[in-house]
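# Residue-level structural notes
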Amino acid sequence: MPSARSATLASLGETRLIQAIQDWLGAANPPPPHGIGDDCAVLPPRRAQQLVTVDPVIAGRHFDDRVPATAVAAKLLKRNLSDIASMGGRPHSAVIALAAPPTLPVAWLRGFYRGLAACARAHDVHIVGGDCAQTSGPFSAFLTLFGDAPARPLTRAGARPGDLLFVTGALGGSILGKHTRFMPRLAEGRWLAGRREVHAAIDLSDGLGKDLAALVPDACEVVIDPRTLPVSVAARRLARRTRRDPLDCVLNDGEDYELLFAVAPRAIEDFIIAWHRAHPTPLSCIGRILRNASDEPSGRALRFEPALPGGVLTRGYEHFR
Ligand SMILES: [Mg+2]
């Protein structure tokens, strides 16, 4: 028998692995048939419309050896929580599918599931099922999260000419730590969904420079004042270290997991006052949506006034490139 310290998935086998996972998840996994143990989990009926989202973490892509297993699992759940937050929802149940190499240490996977359970408990989410497959590739985990939609789910569509654009928190430099330490903006998202003047929202995962395009309606452009962009401390530090402009970090680093949303301009002072009464989270107004006279293809129309410093481009994080 290998020692506990050196045990790998290959030495554990599937049956004992599933028992171990139930043990590691503890109270985050409800008793069958509502949790692990049957072919499906049975979810009790719910009154609200349902939101569903899926996101992965893949070794070498979303995390490396410097990130502890508990933080990898928390990141996996929080990426999905951020999607539910962007639509104003309340998360409740998740399933998780793993592809793991047989050489993976059991101790690492224990940390992963303990981290997942702790994060799930903190957000009142049940882990109700999953699957484990063997792979010759890197460790990958895909989590599917369900949530109750609010009466009026926020979507990316619905912004109008004249709307003001806001972001929560501060942006850029997430690689210096925020990509695992962020807090999904669930309370803020729910609050926004209850405000009629909020027309559209998205969470920032690929970088403001790219994600902005998703909120721009047809025949419109968005005009951003770069001086109003909330530059994070990490963005300034990373910019110094890599000799980039801090604005380049703000627009293109990605993995901010903040909310970007469009708000009707009338009574905007009331909206801002109400926000600060409800949330300690910083809020920045970064620009506005205007009708576009030119024939730019929609989603491309992004203008900076004043212009960005030379050499700063907006590209965000482009997958598959
Ligand atoms: Mg998203």
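Residues numbered from 1 in each chain as written. Predicted model: local features only at pLDDT ≥ 70, side-chain atom pairs only at ≥ 80, totals over all residues. Heavy atoms only, no water.

Here we take up the sheet that holds strand β10 (residues 302–304). Spatially, the six strands line up as an open sheet ordered β6-β8-β5-β9-β7-β10, and their pairing is mixed. Each having just a single partner strand, β6 (198–203) and β10 make up the two edges of the open sheet. Going across the sheet, the axis of each strand differs from the next one's by a mean of 25 degrees, ignoring polarity. Across five bridges, strand β7 (residues 220–224) lies against strand β9 (residues 283–291) in antiparallel orientation. Across the sheet, residue Glu221 finds its bridge partner in β9, namely Leu290. Against the sheet, helix α3 (residues 69–86) makes contact with β6 and β8 (259–263), and its axis sits at roughly 170 degrees relative to β6, the strand it touches most. (Pairing = 2+ DSSP bridges. Helix = DSSP H or I, 4+ residues; strand = E, 2+ residues; numbered from the N terminus. Axes fitted to C-alpha atoms, helices over the stretch in contact; angles between N-to-C directions. Contact = heavy atoms within 4.5 Å.)

Further remarks concern the layout of surface pockets. Approximately 1,200 Å³ is the volume found for the largest pocket. What lines the largest pocket is a set of 50 residues, and nearest its centre among them are His62, Lys75, Arg79, Glu255 and Tyr257. Only β1 (50–58), α3, α5 (178–181) and β6 provide two or more residues apiece to the lining of the largest pocket. Tallying contributions element by element places β1 first for the lining of the largest pocket, with seven residues. (1 Å grid on protein atoms, 1.4 Å probe; cavity = no way out; pocket = protein on both sides within 12 Å on 5 of 7 lines; lining within 4 Å. Points joined across faces, edges and corners; volume = space filled by probe spheres on them.)

Right, let's talk about the coordination of the magnesium ion for a bit. Protein coordination of the magnesium ion is provided by Asp83 (OD) and Asp203 (OD), with donor distances spanning 2.1 Å. One end of the pair, Asp83, is in helix α3; the other, Asp203, is in strand β6, and 120 residues separate them in sequence. Asp203 carries the same exposure label as Asp83, and that label is buried. (Donors = N, O, S within 2.8 Å, 3.2 Å for Na, K, Ca; no water. Buried < 20%, exposed > 50% of the residue type's maximum accessible area, 1.4 Å probe, protein only.)

What follows deals with the domain arrangement of the protein. In terms of domain boundaries, the protein breaks down into domain 1 (9–148) and domain 2 (164–304). Taking only C-alpha atoms, the centre of domain 1 and the centre of domain 2 are 29 Å apart. The partner domain 2 presents 17 residues to the 18 residues of domain 1 that form the contact. Regarding the contact of domain 1 and domain 2, the summed buried area is about 1,400 Å², with carbon and sulfur atoms giving 59% of it. On the domain 1 side of the interface with domain 2, the three residues burying the most area are Lys75, Lys78 and Ser86, jointly 34% of the side's total. At the boundary of domain 1 with domain 2, the tally comes to one salt bridge. A salt bridge links Glu255 to Lys75, with the shortest nitrogen-to-oxygen separation between them at 3.1 Å. Counting every contact that joins domain 1 to domain 2 gives six residue pairs in polar contact (both at pLDDT 80 or more). At the level of secondary structure, the elements contributing two or more residues to the side of domain 1 that touches domain 2 comprise α3 and β2 (90–100). (Domains from an automatic or database assignment. Buried area = accessible area lost by both parts, 1.4 Å probe. Salt bridge = Lys/Arg side-chain N within 4 Å of Asp/Glu carboxyl O. Polar contact = N/O pair within 3.5 Å; in protein donor to acceptor, adjacent residues only side chain to side chain.)

On to unusual backbone geometry. Cis peptide bonds are those with omega within 30 degrees of zero, and the linkage from Pro32 to Pro33 qualifies with 5 degrees. Residue position: Pro33 is located in the loop between α2 (14–25) and β1. Even without a glycine there, the phi angle at Tyr257 is positive, about 55 degrees. On the basis of relative accessibility, which here comes to 2%, the residue Tyr257 falls in the buried class.

Take the pairing of strand β5 (residues 164–168) next. With five of five residues buried, β5 is to be regarded as a mostly interior element. By the alternation rule, side chains of β5 split into Leu164, Phe166 and Thr168 and Leu165 and Val167, which are all buried. Relative to β8, β5 runs antiparallel, the two sharing four bridges. Among the inter-strand pairings, Leu164 is bridged to a residue of β8, identified as Val263. Strand direction decides the pairing type here: β5 and β9, joined by five bridges, are antiparallel. Bridging from a neighbouring strand, Leu165 pairs with Gly287 of β9.

Attention shifts here to the packing of α3 against helix α4 (residues 106–122). Direction vectors running N to C along α3 and α4 enclose 45 degrees, while the axes themselves pass 7 Å from each other. When the axes of α3 and α4 are compared, the pair comes out oblique. Both α3 and α4 take part in a crossing whose hand is right-handed. In contact with Ala69, Thr70, Val72, Ala73, Ala74, Leu76, Leu77 and Lys78 of α3, α4 contributes Trp108, Gly111, Phe112, Gly115, Leu116, Cys119 and Ala120. (Parallel < 35°, antiparallel > 145°, perpendicular 65-115°, else oblique. Left-handed = near helix turned anticlockwise from the far one by under 90°.)

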